[in-house]
Amino acid sequence: MSKQYASEALLIKVINDLSDFLPYLVLVGGWIPYLYVKYIWANTLNNKSFTGSIIGSFPITTTDMDFGVMITSYPGDESIADRVRKLGYKAR
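Residues numbered from 1 in each chain as written. Predicted model: local features only at pLDDT ≥ 70, side-chain atom pairs only at ≥ 80, totals over all residues. Heavy atoms only, no water.

A. Examining the overall build of the chain more closely. Regarding its fold elements, the chain presents four helices and two strands. A total of 92 residues make up the chain; the buried ones form 20% of that total. Across the chain, contacts joining residues at least 24 apart in sequence account for 80% of those joining residues at least 6 apart. Surface summary for the chain: the accessible area is close to 7100 Å², and the carbon and sulfur share equals 58%. (Helix = DSSP H or I, 4+ residues; strand = E, 2+ residues; numbered from the N terminus. Buried < 20%, exposed > 50% of the residue type's maximum accessible area, 1.4 Å probe, protein only. Contact = heavy atoms within 4.5 Å. Areas by Shrake-Rupley, 256 points an atom, 1.4 Å probe, with all protein chains shown as cover.)

Structure, rendered in structure tokens:
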């Protein structure tokens, strides 16, 4: 099992806290390279028959979490901003 950093555990917590809104959100920013290497490309990079070259090191993440918001309206009573404030997360 690979190591999970405290900031990654926090990212997973935030995603779970915002689970109702996930169809309307897109994670963007500094977390994307880390998540691709760890979860999307992991099978390819760990495959013993992989013959490509790997240059560089594991990406460094940021501690902030950037979400893009879909143009589609959320049909619920609570807005994404309301939920973020209720949970005590800072939003800009």
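B. Molecular detail of the packing of aromatic side chains. Under the criterion given, the structure shown has one aromatic pair. Measuring from centroid to centroid gives 5.5 Å for Trp 31 and Tyr 34, while their planes differ by 85°, and the two rings are edge-to-face. With a gap of three residues between them, Trp 31 and Tyr 34 both fall in helix α2 (residues 31–40), about one helical turn apart. By the burial criterion, Trp 31 is buried, and Tyr 34 matches it. (Phe/Tyr/Trp six-rings, centres within 6.5 Å; stacked < 30°, edge-to-face > 60°.)

C. Examining a nonpolar patch on the surface more closely. On the surface, Ile 12, Tyr 36, Tyr 39, Ile 40 and Trp 41 cluster together into a nonpolar patch covering about 520 Å² of accessible area. Here the element with the most residues in the nonpolar patch is α2; it accounts for three residues. The topology assignment puts Tyr 36 in helix α2. (Patch = residues over 30% accessible without salt bridge, like charges linked within 9 Å, V, L, I, M, F, W, Y side chains within 5 Å. Salt bridge = Lys/Arg side-chain N within 4 Å of Asp/Glu carboxyl O.)

D. Looking closely at the pattern of salt bridges. Here the structure, examined in full by the defined rule, presents six salt bridges. Residue Lys 13 pairs with Asp 17 through a salt bridge whose shortest N-O separation is 2.7 Å. Within this pair, Lys 13 and its partner Asp 17 are both found in helix α1 (residues 6–17), separated by four residues, close to a single helical turn. When salt bridges with common partners are traced through the structure, they connect Asp 20, Glu 78, Arg 83 and Lys 86 into a single cluster.

E. The arrangement of the environment of Ser 79 in detail. Structurally, Ser 79 can be placed in the loop between β2 (66–69) and α4 (80–86). Residues Ser 79 and Phe 21 lie 58 residues apart in sequence; the distance between their C-alpha atoms is 8.8 Å.

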